[in-house]
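Report on the structure
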Amino acid sequence: MAGGPTVRALGEFGLLRRLRAKAPPLPPEVLVGMGDDAAIMQPSPGLALVATVDVLVEGKDFRWEWCPAEAVGHKGLTVSLSDVGAMGAIPKYALVTLGLPARTPVKRVDGLYRGIWGAAEAAGVAVVGGDLSEAPRLILGVTVIGEGEAHHLVRRSGAKAGETIWVTGHLGRAAAGLCALKAGYRVERSAVKGRRGTHIPPKTRKALRETMQAQLYPSARYREGRVLAETGIATAMIDLSDGLASDLTRLAEESGVGARIFADRIPVDPSTRQVAELVGRDPLRLALGGGEDFELLFTSGAPSATIEEALVRKGFARPHAVGEIRPADEGLTLVGPRGRREPLGRGFEHFR
Ligand SMILES: [Mg+2]
């Protein structure tokens, strides 16, 4: 654990003063930020509010063993940005709930907030308040509030049989990165390290770095989500936090449909394949069940060229068509390369 003074030495009020002094300036639409009983924001005229909260728990969602405090902060905000993005809304404000043991070094709290503020700034999000409390282990809950035209916002429930299922980027990367971290690989200031004496071939080094970075510092696709919503392309949308299998199951349930995914169309990049091989895992399983890629999964009846052009024209990656929405009675199936079908199954689920 990092040295220096602990949270106990500073106390709640000392810590709050410290955070307020370091906090970035707020935009004019935030009339009152940190320091009052509640924040006051002036909403944009005519726009609906979209709100979400997600929580990271030490030992469950991350381990200090391989997670720098900055990465925990970054991810804490990113998971909620991703949820707002999956509605097609513009993320605007964040509130941070932080529970932590009194023995936590102040440096660690500084790192957490560096991660939160860094990710917030990159997304144009203002951190307008929060709460601090003592807890047996670190818990970071980030609420993100966004805005969007009510008629553009995209739910999970709009998918219809015959539509195509798309994902915005490569899958399985974050899961491969997690496997690498569990196997003892580390990435520090973009340098890759293995267990003592482990030789890492240069080619694998890049793959390890990319996948571990994807696990530690994920990106949320809220900008892409906005395009897919504004253009009316997406009929249903969800972010891939728990894995393609699990998240598609949720979308299908909400829409009252079935789905068919083609294994050979699931985008898995070479880095993910290399790391999967290194740690002895099936890359397809990582892509289906791993989660935390925070790509968007959406459905659409629009022609492929229209969808690809809408994203590529705005500078985003070309999306991948991975399957099709089917009638509910067909259930959810995975079609293998030789046409063999199996139930899609589920990815990660809490409490199980
Ligand atoms: Mg979500």
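Let me sum up the structure you'll find in this document. (Residues numbered from 1 in each chain as written. Predicted model: local features only at pLDDT ≥ 70, side-chain atom pairs only at ≥ 80, totals over all residues. Heavy atoms only, no water.)

**Section: the pairing of strand E11 (residues 258-262)**
Of all the five residues making up E11, five are buried; the element is thus mostly covered by neighbouring parts of the structure. Of the two faces of E11, the one lined by Gly258, Arg260 and Phe262 and the one lined by Ala259 and Ile261 are each fully buried. In terms of strand pairing, E11 meets strand E13 (residues 320-326) through four bridges, oriented antiparallel. Following the sheet pairing, Ile261 is matched in E13 by Gly323. Judged from the four bridges that link them, E11 and strand E14 (residues 332-335) form a sheet pairing that is parallel. Directly across from Ile261, in E14, lies its bridge partner Leu334. (Buried < 20%, exposed > 50% of the residue type's maximum accessible area, 1.4 Å probe, protein only. Helix = DSSP H or I, 4+ residues; strand = E, 2+ residues; numbered from the N terminus. Pairing = 2+ DSSP bridges.)

**Some points on the coordination of the magnesium ion**
In the first shell of the magnesium ion, the protein supplies Asp83 (OD) and Asp239 (OD), at 2.0 to 2.1 Å from the metal. One end of the pair, Asp83, is in helix H2 (residues 69-85); the other, Asp239, is in strand E10 (residues 236-239), with 156 residues separating them in the sequence. For the pair Asp83 and Asp239, a shared accessibility class is recorded, and that class is buried. (Donors = N, O, S within 2.8 Å, 3.2 Å for Na, K, Ca; no water.)

**Re the packing of aromatic side chains**
According to the stated counting rule, one finds three aromatic pairs in the structure shown. Both rings, one in Phe62 and one in Trp64, keep their centres 5.0 Å apart while their planes meet at 75°; by these two values the pair is edge-to-face. You'll find Phe62 and Trp64 in the same group, each marked buried. Relative to Phe298, the ring of Trp166 lies with its centre 6.2 Å away and its plane at 5°, an arrangement referred to as stacked. Of this pair, Trp166 sits in strand E7 (residues 164-167) while Phe298 sits in strand E12 (residues 296-300); the two residues are 132 residues apart in sequence, bridging distant segments of the chain. Looking at Trp166, the relative accessible area reads 1%, which means it is buried. Here Arg108 stacks its cationic end above the ring of Trp64, 3.7 Å away from the centre of that ring. (Phe/Tyr/Trp six-rings, centres within 6.5 Å; stacked < 30°, edge-to-face > 60°. Lys NZ or Arg CZ within 6 Å of the ring centre and 35° of its normal.)

**Things to note about helix H10 (residues 304-313)**
Among the residues of H10, Ile307, Ala310 and Leu311 are the ones counted as buried. For H10, the buried positions fall inside an angular range of 85° around the axis, keeping them on one side. Exposed residues lying more than 90 degrees from the buried face of H10 are Ala305 and Arg313. As for H10, its buried residues are in contact with E7, helix H6 (222-230) and E12. With its phi angle positive at about 90°, Gly315 sits one or two positions after the end of H10. (Arc of directions from axis to C-beta. Contact = heavy atoms within 4.5 Å.)

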